[in-house]
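Here are the chains, one letter per residue:
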Amino acid sequence: MSKRKYFGTDGVRGEVGTAPITPDFIMQLGHATGRVLRAQAKPGKRPAVLIGKDTRISGYMLEAALEAGLSAAGVDTYLTGPLPTPAIAYLTRALRVQAGLVISASHNPFPDNGIKFFNAQGDKLSDEAELAIEAEIDKGLRCVSSGELGKAKRVNDAAGRYIEFCKRAFPADLSLRGLKIVVDCAHGAAYQVGPAVFHELGADVVSLGASPDGMNINKGVGATHPEYLSEMVVKHEADLGIALDGDADRLLMVDRNGKTYDGDQLVYIIASHRASKGELGGGVVGTQMTNYGLEQAFARRGMPFARAKVGDRYVLEVLREKNWLIGGENSGHILCLDRHSTGDAIIAALEVLRALVEGNASLAEAASDVTLLPQELINVRIDKASPWADKPAVKAVLAEWEAKLTGHGRILLRPSGTEPVVRVMVEAEDGAVAKAGAAAIAEAVAATASAVTA
């Protein structure tokens, strides 16, 4: 497989004004996407693309650039305005368009932005599709004739459609009445639809992070800053809190005492409740970063568990290979494939709430069977050309600590896909042991040629 030039693990992303997130490149990206779609279209059929965005001020500029590029390629566009990334995945299917594009940098700060892609089925693009788009970019922009230019139309009922889609994921015979829920929307894409979903299902909702100004997305709020939600849940004497990130595909939750529950714990609540009802659908997929304590908890319950590479697209790949339904990352990307084709924070929260309502349990009670192991992560900056993994000293210290941790923890040693660093992660039942192991392994890696501990 050829190496991708512009696409990362989830579309194209970077700082606005710096390549590739510039108006001219984004117009070329839209045009190239349109050219690929035109080549795949049936004769006489004009392709159409759905475009959504989060609340960053740069979204206006990038939306216009994308629309211009797609129009130049002879592709129609449907514009939704600010909506969660998973909403665009759903509406791409519902509206029968050929692709969905989301202008968002997810949990990143507001100076960043990017473009996420979905195919007609609401799935992330394949490597082959991304390479085809990149090949068209290199060919330059070739505008179709005036009579073939694409048109643009706004989808006025997009938010309402998505709200109803989310509500259908919650059992019709259940209600959230009697629950007081604080919903933190991170001043992001879900600032309107997020609180509405939980309110319309009966909850007493307190909204946070629902006043975007174009520059405050993820700033001190949302899933990247759950400490604010913790404070507000206690202040409002709520039953729990829900934290979304900027594009609402990542979820963390907080209990009435202000304790935060990460993606691993929430996946456990969802999967264990489904297993108790005979609805698990096989097993559960995590990633290389999934806490060993979660794996142990699943083992005690006899629930199959598998690990994928880091990234929700890889969790999805393994789920489909195994024909399983539930998977996720500790960062809060959670997939329930019988509810949606992609990770959706609102739907994942509804799955957790279903488990709590049907089980008559609190978050603390529902997650009580899983104990997360202390985790120590050290990044070692290193020359990418350095053969650190082959060094006898690295192999020796790795073998030593693997022997010490067998049955009591684990080691993850992997090069970053985006930075010149090696990530050294050690989990152990004793936090001091995790720190000592990570430090010893990091020191051995750093001692290799051209390496410096970061």
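Check the entry above for the structure.
Each value, and the rule that gives it
- Residues numbered from 1 in each chain as written.
- Predicted model: local features only at pLDDT ≥ 70, side-chain atom pairs only at ≥ 80, totals over all residues.
- Heavy atoms only, no water.
- Helix = DSSP H or I, 4+ residues; strand = E, 2+ residues; numbered from the N terminus.
- Rg over C-alpha atoms; globule rule 2.2 N^0.38 Å.
- Buried < 20%, exposed > 50% of the residue type's maximum accessible area, 1.4 Å probe, protein only.
- Contact = heavy atoms within 4.5 Å.
- 1 Å grid on protein atoms, 1.4 Å probe; cavity = no way out; pocket = protein on both sides within 12 Å on 5 of 7 lines; lining within 4 Å.
- Points joined across faces, edges and corners; volume = space filled by probe spheres on them.
- Nonpolar A, V, L, I, M, F, W, Y, C, P; charged D, E, K, R; others polar.
- Salt bridge = Lys/Arg side-chain N within 4 Å of Asp/Glu carboxyl O.
- Core = buried A, V, L, I, M, F, W, Y, C linked by side-chain atoms within 4.5 Å.
- Axes fitted to C-alpha atoms, helices over the stretch in contact; angles between N-to-C directions.
- Parallel < 35°, antiparallel > 145°, perpendicular 65-115°, else oblique.
- Phe/Tyr/Trp six-rings, centres within 6.5 Å; stacked < 30°, edge-to-face > 60°.
- Lys NZ or Arg CZ within 6 Å of the ring centre and 35° of its normal.
- Pairing = 2+ DSSP bridges.
- Left-handed = near helix turned anticlockwise from the far one by under 90°.
- Expected span 1.5 Å × (residues − 1).
- Arc of directions from axis to C-beta.

S.K.: When you look at the overall build of the protein in this model, what are you seeing that I'm missing?
M.R.: The helix and strand inventory of the protein stands at 14 helices and 19 strands. Taking 22 Å as the expected radius of gyration for a compact globule of 454 residues, we find that the protein reaches 23 Å, a close match to that expectation. Its C-alpha atoms give the protein principal-axis dimensions of roughly 70 × 60 × 40 Å. Counting every position in the protein, which comprises 454 residues, the buried fraction comes to 56%. For the protein, long-range pairs separated by at least 24 residues make up 71% of all intrachain contacts whose partners lie at least 6 apart in sequence.

S.K.: What am I meant to see in empty space enclosed by the protein here?
M.R.: Over the atoms rolls a probe the size of a water molecule, and its path tells where empty space is left. This structure, assessed with the given rule, holds two cavities of 30 Å³ or more. Here the largest cavity defines a volume of roughly 70 Å³. Every residue lining the largest cavity is listed: Thr9, Asp10, Gly11, Phe117, Lys124, Leu125, Glu130, Asp312 and Arg313. When its residues are assigned to classes, the lining of the largest cavity shows two nonpolar, two polar and five charged. Considered as a void within the structure, the second largest cavity measures approximately 40 Å³ in volume. Forming the boundary of the second largest cavity are Ile334, Leu335, Cys336, His340, Thr342, Gly343, Asp344 and Ile347. Considering each element in turn, the lining of the second largest cavity owes the most residues, three residues, to strand β15 (residues 334–336). Looking at the lining of the second largest cavity residue by residue, the class counts come to four nonpolar, three polar and one charged.

S.K.: Looking at this structure, I do not really get the pattern of salt bridges. What am I missing?
M.R.: Opposite charge on two side chains permits them to pair, given that their charged atoms come into close proximity. Applying the stated criterion across every chain yields a total of 31 salt bridges. Ionic pairing is found between Glu63 and Lys53, a salt bridge with its closest N-O pair at 3.5 Å. Placement of Glu63 in helix α2 (residues 58–72) and of Lys53 in strand β2 (residues 48–53) is noted, with a sequence separation of 10 residues between them. Through salt bridges with shared partners, a single network forms among Asp10, Lys116, Lys124, Asp247, Asp249 and Asp312.

S.K.: Explanation requested: the nonpolar core in the structure shown.
M.R.: Nonpolar side chains in soluble globular proteins tend to end up buried together. Membership of the largest hydrophobic core comes to 67 residues, with the highest contact counts inside it found for Ile242, Leu251 and Leu353. For this core, the element with the highest residue contribution is helix α11 (residues 345–359), accounting for 10 residues. For Ile242, the contacting residues outside a window of four places in its chain are Ile181, Val182, Val183, Asp184, Phe198, Leu229, Leu251, Leu252, Met253, Ala349 and Leu353. Core analysis: the next-biggest nonpolar cluster, separate from the first, contains 26 residues, Ile26, Leu29, Ala32 and Leu79 among them.

S.K.: Sorry if this is basic, but what is going on with the packing of helix α3 (residues 85–94) against helix α5 (residues 158–168) here?
M.R.: For any two helices packed against each other, one specifies the crossing angle of their axes together with the interaxial distance. At a minimum axis distance of 10 Å, the contact between α3 and α5 shows a crossing angle of 95°. If you check the angle between α3 and α5, you find them roughly perpendicular. Across the interface between the two elements, Pro86, Ala87, Tyr90, Leu91 and Arg93 from α3 touch Ala158, Arg161, Tyr162, Phe165 and Arg168 from α5. Looking at the contact of α3 with α5 residue by residue, the classes come out as seven nonpolar, no polar and three charged.

S.K.: Sorry if this is basic, but what is going on with the packing of aromatic side chains here?
M.R.: Between two aromatic rings, the relevant description is the distance of the centres plus the angle of the planes. Counted according to the given criterion, the structure contains six aromatic pairs. Within the aromatic cluster, the residues linked to one another by ring pairs are Tyr90, Tyr162 and Phe165. Above the face of the Tyr314 ring, Lys309 is positioned so that its terminal group lies 4.3 Å from the ring centre.

S.K.: It is not clear to me how the layout of surface pockets should be interpreted in this structure. Could you clarify?
M.R.: Of the voids in this model, the second largest pocket is the one considered here, and its volume is about 250 Å³. No other element matches helix α1 (residues 23–40), which puts four residues into the lining of the second largest pocket. Tallied by class, residues from the lining of the second largest pocket come to 10 nonpolar, six polar and no charged.

S.K.: It is not clear to me how the pairing of strand β10 (residues 251–255) should be interpreted in this structure. Could you clarify?
M.R.: Of all the five residues making up β10, five are buried; the element is thus mostly covered by neighbouring parts of the structure. Going residue by residue along β10, you find Leu251, Met253 and Asp255 tucked away on one face and Leu252 and Val254 tucked away on the opposite face as well. In this structure, strand β9 (residues 240–244) lies alongside β10, joined through five bridges in antiparallel fashion. When the sheet's bridge partners are listed, Gly241 is paired in β10 with Val254. The sheet contact formed by β10 and strand β11 (residues 260–261) spans two bridges and is antiparallel. Across the sheet, the residue bridging to Met253 is Tyr261, located in β11. Once β10 ends, the chain turns through four residues before running back antiparallel as β11, passing Gly258 with a positive phi of about 90°.

S.K.: Looking at this structure, how should I read the packing of α1 against α2?
M.R.: Axis separation between α1 and α2 bottoms out at 7 Å; the angle between their running directions is 40°. If you check the angle between α1 and α2, you find them oblique. As α1 runs across α2, the sense of the crossing is right-handed. Here α1 contributes Pro23, Ile26, Met27, Gly30, His31 and Gly34 to the contact with α2, which in turn contributes Met61, Leu62, Ala65, Leu66, Ala68, Gly69, Leu70 and Ala72.

S.K.: Please explain helix α13 (residues 392–405) as it appears in this structure.
M.R.: An α-helix turns once every 3.6 residues. As a result, residues three or four positions apart point the same way. Taking 1.5 Å per residue, 14 residues should reach 20 Å; α13 reaches 20 Å between its end C-alpha atoms and fits that length. Buried within α13 we find Val394, Val397, Leu398, Trp401 and Leu405. Angularly, the buried residues of α13 cover 105° about the axis, an arc narrow enough to put them on a single face. Summarising the geometry of α13, the exposed residues directed more than 90 degrees from the buried face are Pro392 and Ala403. Here the buried face of α13 lies against β17 (409–415), β18 (421–428) and α14 (431–446). Gly407 occupies a position one or two residues after α13 and carries a positive phi of about 80°.

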